[in-house]
Amino acid sequence: MTYHYDNGSELLFRRWRRLISSATSFVVGITTTAYGQAAVAQLPKMTDSKTTATNIEKNDGDIIVTSRSGFQTANGVSGVEIGGGLIQKETAPKSVSHVSTDFIQKQAPSANAFDLVALLPGANVTASDPLGFSTQTNITVRGLSGDAIGYVLEGMPLNDVAYYTGYPTQFADSENYQQISLAQGSADLNSPVLNAAGGVMNLTFRKPAAKMGGYADFSYGSYNTNRQFVRLDTGEIGHSGVMGFVSYSHARTDNWRGPGYDEKQHVDFKLLKEWDNDNHVSLLGTWNKGITSYYPQVDKQSWQAYGISGSNNLNGRFNLNNDAAGTDYWRLYRAPEEIFYLAAPAKISLSNKVKLNITPYVQWDRGNVPAGSTLSETGLWNGTDPVTGSITLPNAQEGNATVRSNYTQKSSRAGINTSIEWKIKNHDFTFGYWYDYSSDKEQNTFTPVSETGYAPNIWADHRQTIINLPEGSPLLGADNRTHTYVNALYAGDHITLLHKKLTLDIGFKEAIMTRHGYNYLPGPQHKANFTTSEPLPRLGIRYQINPENQVFFSASTNFRTADETALYNSYDPTSGDLLVTGNKNLKNEYSISEELGYRYTSNRIIGSLTLFNYNFSNRQIQTVIVQNGSHIQSTINAGNQVSRGIDVEIGLSPWHHLSPYLSGEYLSAHQTDNLAVGDDFLLTKGKKAIRSPNFQGSIGITYDDHHFFGMASMKYTGSQYSSFLNDERIPAYVTGNLAIGYRFTQEAFLKHPELRLNFINIGNNHYLSGVATPTANAQDSIGKNGTVISGSAPQYYIGGGFAVLFSVSSAF
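Definitions and cut-offs
- Residues numbered from 1 in each chain as written.
- Predicted model: local features only at pLDDT ≥ 70, side-chain atom pairs only at ≥ 80, totals over all residues.
- Heavy atoms only, no water.
- Helix = DSSP H or I, 4+ residues; strand = E, 2+ residues; numbered from the N terminus.
- Buried < 20%, exposed > 50% of the residue type's maximum accessible area, 1.4 Å probe, protein only.
- Contact = heavy atoms within 4.5 Å.
- Areas by Shrake-Rupley, 256 points an atom, 1.4 Å probe, with all protein chains shown as cover.
- Pairing = 2+ DSSP bridges.
- Patch = residues over 30% accessible without salt bridge, like charges linked within 9 Å, V, L, I, M, F, W, Y side chains within 5 Å.
- Salt bridge = Lys/Arg side-chain N within 4 Å of Asp/Glu carboxyl O.
- 1 Å grid on protein atoms, 1.4 Å probe; cavity = no way out; pocket = protein on both sides within 12 Å on 5 of 7 lines; lining within 4 Å.
- Points joined across faces, edges and corners; volume = space filled by probe spheres on them.
- Nonpolar A, V, L, I, M, F, W, Y, C, P; charged D, E, K, R; others polar.

Enquirer: Kindly report on the overall build of the chain, identifying the contributing residues and their values.
Expert: Per the secondary structure count, the chain includes 5 helices and 48 strands. Considering the chain as a whole, with its 812 residues, one finds that 59% of them fall into the buried category. For the chain, long-range pairs separated by at least 24 residues make up 70% of all intrachain contacts whose partners lie at least 6 apart in sequence. As displayed, the chain has an accessible area near 31,700 Å², and 56% of this comes from carbon and sulfur atoms.

Here it is in structure tokens:
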């Protein structure tokens, strides 16, 4: 399909001219209703661990201190956060939502970062299991998929180097989060991400304790789930001022549907040194090693026929004589993954007016996404070269055998993000540079399967365990390596005017990405190199009408390139057919977004309302493709798109120990192009964008009197289209979660031991939670030029069922 777009710089100029003009004249008129006349109930007097919850906020040089009587539990819960920890005061000139300790530590300990932000406005989480173990998960924000969101842990990027996605099960254990923030519209100027049209998720570790001690929790529940977590705090090490913690967890759970189980080990750690004038330096990291089972995705027909049972699950026994010839055996889909992240963020005052921010980081990752497949013993191809001779496979029947198809990835990454902050009168200048280098090696190999279904070496990283050709080289469906270099220069100015009531944020980032790709398969393609760059200006305005009322406006630009898989040819080794055609001349996605918002903040109520608008060129849509049996991620260029909507959230402070929270979103997202299919065009112009429910809303209510506590939440997600032609969609669904528990005060050497029950999907709703594989059209359709365009069934994730998890925890 050929798209006719405006020149990027001309479009940007016209958009900025309109935005800057409108920014000077917008008027927001929103009234708020006072939060009753009832005083906030006093929290109970405690015999130990009584504290005062104090919030210290820096607002353009002014220090504002607010306090409420509260308490401090073993896991950091204070019981006084507005909205139960689902909302907090915000001064950024853009939309940002938060979850913090009071909310996080009431959720199931196995919950991942996506689960923890699922109630925030705009966030729609697609899950495959109820307890947060499966890596088959996704998040959309304002209809933008997880590969359009940046993930940053205290200044270190966490996105996959090849596919931009994030894997929340690997980020951190929930006990170690202090806060997770979700900026729905755009990343900060200094964020080390390039794909963040959908915003950025910033993760913050807890601060190490000043005194030596520890914390542990143990969980058991549905599907034989068991989890153990222990954390040790060093306290101050000698008289160095250095404090640290290290934690270890182990978890295992059976699949909630079908055969299989997930198991993982995880380590988080952090060392911190702080001194005068907000100076600090830390060393933090994460190690995760896990093996997860596979939940098959389904189409509408199979979902209506079998639901969560039958052929929608993998087979518990290896059977060469079934319809799938044994390729549906669950052990052939066991996916191992190991990662290690390390960063050393620091902020150092060089003078009273100049500060240095620097975050060096290194990362390493290896994994395999395998699947059952079949191969012939003769007539094979290696790339475009026919294989001479034959191979012998252990379970061959009439020359064909079941094998395990491996899709392995090994990547390493290093980078540094550094900036200088320079304060001159009412200006706070920022000058920064981000450099990132990654090397990513991907291969599609094959492993023989015995007559009992055993396939050795789940990591597929030893030559002697994979299928080799007669001359000794491995049989490959894909074999490539990509070196990616990112250089980004950025500069900004934070200006305060009108006695600090008005702030202006003006910024510019020039991002340059270079990829050096090498395809090692025999064939016409060897190198796949390209370089791209984009100018990314931004503007933010905030006006503080009075201490309670605030309005803001923001305009930002973003871009992203296609996934690595789009670069390379890949082939079917049974026929030599081209499965994926590599293209190194792909157009970048480019977006311009605007937000106009209002916030109200008092000691009793925090609320916000945000209007947003996006204009996309070359919209990149995440999908899943099957390559020789393996399910791997890829992208579709869906042309231009316009998205508009409203986000709202409000939270109240504890009243008689009850803290309610409410959020919602209305979204109108439409395609503005007809989609090219073959030599014709599918009539998709004006159709609704996929994965973009018109309405979604959440409600949560927290109770916490220090001893008894509970949290109930409910999430409604509207229907979503799964085809660009809008001829198939999944229905709306509702899910609800519940947590109840009791804390003791002091029992022997145990500090605030706690008992907790978490109920997930309390209605046991069986539903399709999201779109895994969107298609152009689900049914046969007539194209613009009269061609019959064959339909293809979209595939979906099945949401997790009902689960209960019982946890016992305590500090010591």
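There's plenty left to go through after this.
Enquirer: Give a description of the pairing of strand S16 (residues 346-349) that names residues and reports values.
Expert: In the sheet, strand S14 (residues 279-292) pairs with S16 via 2 bridges, with the strands oriented antiparallel. Bridge assignment links His 280 to a residue of S16, and that residue is Lys 347. Pairing of S16 with strand S17 (residues 354-368) involves 4 bridges; the strand directions are antiparallel. Bridge pairing in S17 places Lys 347 opposite Asn 357. Where S16 hands over to S17, the hairpin turn is made up of 4 residues, counted between the paired strands.

Enquirer: Go over a nonpolar patch on the surface with me, naming the residues and quoting the values.
Expert: On the surface, Leu 611, Ile 646, Ile 650, Leu 662, Tyr 666, Phe 695, Ile 699, Met 714, Tyr 716 and Val 734 cluster together to form a nonpolar patch covering roughly 860 Å² of accessible area. Note on placement: Phe 695 falls in strand S37 (residues 695-704). By relative accessible area, Phe 695 is classed as partly exposed at 49%.

Enquirer: Talk me through the sheet that holds strand S6 (residues 150-153); I want residue IDs and the actual numbers.
Expert: Spatially, 5 strands are ordered S3-S8-S9-S6-S7 in an open sheet, and the strand pairing comes out mixed. The open sheet has two free edges, formed respectively by strand S3 (97-100) and strand S7 (156-157), since each of these has just one partner strand. Bridge count for strand S8 (residues 177-183) against strand S9 (residues 200-205) is 6 bridges, and the pairing is antiparallel. From the neighbouring strand, Leu 182 faces S9, where its bridge partner is Met 201.

Enquirer: Give me the lowdown on the environment of Gly 741, citing residues and values where you can.
Expert: Mapped onto the elements, Gly 741 comes out in strand S41 (residues 733-743). Taking C-alpha positions, Gly 741 is 4.1 Å from Arg 756, a pair spaced 15 residues apart along the chain. Look past the residues within four positions of Gly 741 in its chain and what remains in contact with it is His 707, Phe 708, Phe 709, Leu 755 and Arg 756.

Enquirer: Got a sec to walk through empty space enclosed by the protein? Specific residues and values, please.
Expert: The final tally for this structure, using the stated rule, is 15 cavities of 30 Å³ or more. The computed volume of the second largest cavity comes to approximately 570 Å³. Lining the second largest cavity are 33 residues, and of these Asp 115, Ala 118, Thr 735, Asn 737 and Ile 760 lie nearest its centre. Those elements that place two or more of their residues in the lining of the second largest cavity are helix H3 (113-116), strand S4 (123-126), strand S38 (708-717), S41 and strand S43 (750-760). Within the lining of the second largest cavity, the residues separate by chemical class into 18 nonpolar, 12 polar and 3 charged.

Enquirer: Residues and numbers for the pattern of salt bridges, please.
Expert: By the definition in use, this model includes 23 salt bridges. Between Arg 227 and Glu 175 there is a salt bridge; the shortest N-O distance is 2.7 Å. In this pair, Arg 227 is assigned in strand S11 (residues 225-233) and Glu 175 in the loop between helix H4 (168-171) and S8, connecting sequence segments 52 residues apart. By the burial criterion, Arg 227 is buried, and Glu 175 matches it. Linking Asp 461 and Arg 366 is a salt bridge whose minimum nitrogen-to-oxygen distance equals 3.3 Å.

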